[in-house]
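Each chain, letter by letter, is given below.
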Amino acid sequence: MVRAIKGSLIKCDPSIKALIVDIDSKRHDIIIEELDDTNLLVSTDKIQFIKAELERILSKNAYNAMEAEEAEKQK
Amino acid sequence: MSSYLFKDTVNEYLENLPYSMKSKLFKSPATCLAIYRLLPNLAKFYIMSMVFHEKPVNSRIWDVWVKDSDQGKKLEVEGLRRMKSLNLITEKNNYLVLDEHFRESFRNALVGNDSHHAFGVPCATDENNKTSIDFLDEFATKKWESILHFMVGTELDELPSVGVLSLLKHSGLMEINGDITKRNLTSVNITKEGFSFLLQDVNAQIWTLLLEYLKIAETLNMDSVDVLNFIFMLGSLELGKDYSLEALSETQIKMLEDLRDYGLVYQRKASSKRFYPTRLATTLTSDSTTLRSVSSAMNKAIRSAKQDNEKDVKEEEAQVDFVSGTIIVETNFKLYCYATSPLQIAILNLFVHLKSRFSNLVTGQITRESIQRALKSGIASDQIIAYLEVNAHPQMKKLAQAALNKKIEFESVNGMKASHLSLRNLEIVPSNIVDQIKLWQLELDRIQAFGGYLFKDFKGEVEYKGLLNYAEEIGVLLYKDNANRKFFVTDEGRQQLIDYASRRTKRQKKS
């Protein structure tokens, strides 16, 4: 029988998808189905949470020129 | 570039007016002149060729004036479209007719048969204490900048007037809570539109506000034709002259009060029988490059007033250039800006991490944080880049020009085609900065999310294909996976798809 599952389709890079899978691995309430490398089905009310989490993780990796300069000065 | 933006909005507004309104507008010579000024150059030429030619013109003779190329055709089509949508011309069997009202008024404007006082009535008597241009500039700058300062959130001694506040609120440029009429504001927040408003040049800003004013005026039962006529008339008045209120209608006199608050006109007293247009008003419809900022216009005016008349015109131009561009961006994301106006500094502060301020210079750094903060509050990366380009220091422009020349030379020496390199390839802001700002914007929307439904577990290929094709046809399909027989449709698509499926099963049962 055909089934229709409610949710939100997320399109993103494979790297971002990996991050979302990683976020989900701790809570298991985000991803409904992994479709392929760039598409994911997630529950709609978790989208904001995903965005915030991604932002948090990604900004860890960003090089902050101002901070680097401050650190250098302190040396 | 932003000046084109405003022209589009004014034109759009005019184009969307019903013909009855337009024909009323065409009765005023000043308005006709203003409309003419806003047209593209080719359209101006066409109008000119028709004004003194009573009979309809065969549209084919205009083709002669256009080079037979794609670009030429495009210009011609665009020019004709604009004139048609403004109802300036009508077409009948390939013959074009200029609107009668427009022809008459525009002729009046050109040859000076002005019986309507459309260009304002200068005061016959001299005022005892005459108002100087310098004073008007100062007045206009003060009024206008106080509005902008209010928007960027600078602490002000005095809030803008009630009219300004409600205009900002209605136009959606600011979110203002509290009692406006009592000036008792509880909270004031700038909106996304407000941010992009700030980055435009002054002329575009004024037009944005005036168009919003028009919308409000309509709800207040003010005659929009009167309001528009007055705005366009202001554009053709002379700076530094005083004009009499006599020729104005009641609506227009009411408007004066509001325009005074924006700094477009000056009256010594509210009851005064004369008014002075300021520089903000007289440049409304001018076609040449608009003043980049009021303060630069002021500096220019002051300089040229001080300068001896005998001095080189060139030197004056150089100085004008100097005040028009003040920002230097280095490839290491450091930014220097020769700014004394707190307003310009406040605007820069929207997307630059400012570090230190000197008497005529601020320095800062473009950082990921500062840009993303701006992006989150609604400024587009393109707007930031455009702002940096428009306000770039002349030295930056020179450097970019030199680099481009070298590139062209290099390519032509090596036998490559250099024709694709033109002024458009001029990189005023270092390309790595431009790219990085764009990348930072992309970073903010890493994922795209669509609400909807995933269909799966189909019985067979036939059922899958049938539904998939239907979803594709009605344009609700967002994703499909043929190998696993799954597809995803939008929220709206689900019901349509279910209806289709049940219709199909019914049909199958019947047959």
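Preceding this section is the structure that the text describes.
Notes on the structure in this doc start here. The model shown is predicted, which means the values in this text are computed figures rather than measured ones.

### Digging into the overall build of chain A
Then step 1. Summing up its helical and strand segments, chain A has 3 helices and 3 strands in all.
Then step 2. The linear arrangement of helices and strands in chain A, starting from the amino end, is β-α-β-β-α-α.
Then step 3. Residues counted as buried form 39% of the 75 residues belonging to chain A.
Then step 4. By sequence separation, contacts in chain A at least 24 residues apart represent 51% of the contacts at least 6 residues apart.

### Some points on the sheet that holds strand β2 (residues 31-34) of chain A
Then step 1. Strand order across the open sheet formed by 6 strands is β2(A)-β3(A)-β1(A)-β13(B)-β15(B)-β14(B), with antiparallel pairing between neighbours. In the strand order of this sheet, the two ends are held by β2 of chain A together with β14 (477-481) of chain B, each with one partner. Within this sheet the neighbouring strands show an average axis-to-axis angle of 35°, counted without direction.
Then step 2. As judged from the 4 bridges shared by strand β1 (residues 3-11) of chain A and strand β3 (residues 39-42) of chain A, these two strands associate in the antiparallel manner. Note that in β3(A) the partner of A:K11 across the bridge is A:N39.

### Some points on the interface of chain B and chain A
Then step 1. At the interface, 30 residues of chain B touch 31 residues of chain A.
Then step 2. Contact between chain B and chain A buries roughly 2,700 Å² in total, counting both sides, with carbon and sulfur atoms accounting for 56%.
Then step 3. Interface area lost by chain B to chain A is led by B:R446, B:I447 and B:Y479, which between them contribute 24%.
Then step 4. The tally of links from chain B across to chain A stands at 5 salt bridges.
Then step 5. Across the pair B:K376 and A:E55 runs a salt bridge, and its minimum N-O distance is 3.0 Å.
Then step 6. Run the count over chain B and chain A and you get 11 residue pairs in polar contact (both at pLDDT 80 or more).
Then step 7. No other element matches the 9 residues that strand β13 (residues 448-456) of chain B contributes to the side of chain B that touches chain A.
Then step 8. Each residue belonging to the side of chain B that touches chain A can be placed in one class, and the counts come to 11 nonpolar, 7 polar and 12 charged.
Then step 9. Pairing geometry for β1(A) and β13(B), over 9 bridges, is antiparallel. Bridge pairing in β13(B) links A:L9 to B:F450.

Rules used throughout
- Residues numbered from 1 in each chain as written.
- Chains lettered and ligands numbered in written order.
- Predicted model: local features only at pLDDT ≥ 70, side-chain atom pairs only at ≥ 80, totals over all residues.
- Heavy atoms only, no water.
- Helix = DSSP H or I, 4+ residues; strand = E, 2+ residues; numbered from the N terminus.
- Buried < 20%, exposed > 50% of the residue type's maximum accessible area, 1.4 Å probe, protein only.
- Contact = heavy atoms within 4.5 Å.
- Pairing = 2+ DSSP bridges.
- Axes fitted to C-alpha atoms, helices over the stretch in contact; angles between N-to-C directions.
- Buried area = accessible area lost by both parts, 1.4 Å probe.
- Salt bridge = Lys/Arg side-chain N within 4 Å of Asp/Glu carboxyl O.
- Polar contact = N/O pair within 3.5 Å; in protein donor to acceptor, adjacent residues only side chain to side chain.
- Nonpolar A, V, L, I, M, F, W, Y, C, P; charged D, E, K, R; others polar.

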